[in-house]
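Breakdown of the fold
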Amino acid sequence: MEQFEGKNILNFVKELPNDDVCKAYLTKYKWQDGFTCSKCQSHKGCMKKDHKYHCYNCHHVESATANTLFHKVKFGLQKAFCIVFEMTTSSKSLSSVQLSERYGVSQTSTWFFMQKVRKAMESSKKYPLEDLVHVDEFTVGGKEEGKQGRSYDSKKKKAIIAVELTNKHQVKRVYIKSIDDYSCKSLTPIFEEHIATSAKVFTDKWRGYEPLKDTYDITQIKSDNGKNFKKLHIIVHQVRSWIRTIPTHVSKDHIQKYFDEFSYRINRSQSKKTIWHSTIMKMVNHKPITNKQIVCKLN
Ligand SMILES: [Zn+2]
């Protein structure tokens, strides 16, 4: 079974027509480098019916979904694959309400599963932004969304964004982090996690960035109502519409997941053909998380 490529939903359904084929797909790619028993780490085993693996050493039987983000998906693998397909290939944000109606799954189950997909979309933090990077803070929610600059409205959710640009000022990659305030302490993590110390960083004149100059190459320029950070503000506008089109309320606790999903898709706009398969692989290689962990933000 070849890995699925592209955005054509008819081909997708033709190649992965039912739960059984989807299980076979997951089994093939979960153990593409050979079987390893999750209990005893033995490599000796064989495939049984229902695409499960039987370990010769400890007799543990493992399904393709076990120990992955597909663990205990109650509504069948084909629907799960379809939801990942929709989330990775559509250009607009999708809500759990829409997808629950489309696939006949309860809204709650859909929401939890989508949070797991978003978990897989989190950055590995292995590839920090380099070269030219613009950084600014923004808010989502509440009134006066069009306003530039720092807002102190407590109803709004605050965030910081870093955009990597080409020499011709085209957007290459984006990272966004939810923040509690605009202090240097809150601004620092996005630098540590996503920006190389060799990068040429531009920010506005906010004093919160000043202490970071010891470690990073930061030039502070006047924002001029956003004019000096044009591409960044186009992305901010997209993030705001992305969040706005989600009909369910996005709480401050969960907004980071939506930022991760947004950035994931922007950062993979050059690899649209393989985005579904690579997301499935990220989910297969990620340890399972429970609904309780999602609610309590324990993951
Ligand atoms: Zn074993």
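A quick note: this is a predicted structure, and the numbers were derived from the prediction, not measured.

**Observations concerning the sheet that holds strand S3 (residues 61-62)**
In spatial order, the strands read S1-S2-S3; together these three strands make up an open sheet with antiparallel pairing. A strand with exactly one partner marks an edge of an open sheet, and here the two such strands are strand S1 (45-47) and S3. In this structure, strand S2 (residues 53-55) lies alongside S3, joined through two bridges in antiparallel fashion. Residue His54 lies in a different strand from S3, and its bridge partner there is Val61.

**Details of the coordination of the zinc ion**
Tetrahedral metal sites with four donors have an ideal angle of 109.5 degrees; octahedral sites with six donors have ideal angles of 90 or 180 degrees. The coordination sphere of the zinc ion contains the protein donors Cys37 (SG), Cys40 (SG), Cys55 (SG) and Cys58 (SG), at a distance range of 2.2 to 2.4 Å. Note that the zinc ion binds four donor atoms; their angles at the metal cover 101 to 114°, and the shape is tetrahedral. Counting the intervening residues between successive donors of the zinc ion yields the motif C-x2-C-x14-C-x2-C. Classification of Cys55 as buried rests on a relative accessible area of 0%. What makes Cys58 partly exposed here is its relative accessible area of 33%.

**Some thoughts on the domain arrangement of the chain**
As assigned here, the chain comprises domain 1 (9-30 + 65-120 + 273-295) and domain 2 (132-253). Look at where the C-alpha atoms of domain 1 and domain 2 centre, and you get two points 30 Å apart. Opposite the six residues of domain 1 that make contact, domain 2 presents five residues. Carbon and sulfur atoms make up 65% of the area that domain 1 and domain 2 hide from each other, which totals about 440 Å².

Reading guide: rules and limits
Residues numbered from 1 in each chain as written. Predicted model: local features only at pLDDT ≥ 70, side-chain atom pairs only at ≥ 80, totals over all residues. Heavy atoms only, no water. Pairing = 2+ DSSP bridges. Helix = DSSP H or I, 4+ residues; strand = E, 2+ residues; numbered from the N terminus. Donors = N, O, S within 2.8 Å, 3.2 Å for Na, K, Ca; no water. Tetrahedral: all angles 85-135°; square planar, octahedral: opposite > 155°, others 65-115°. Buried < 20%, exposed > 50% of the residue type's maximum accessible area, 1.4 Å probe, protein only. Domains from an automatic or database assignment. Contact = heavy atoms within 4.5 Å. Buried area = accessible area lost by both parts, 1.4 Å probe.

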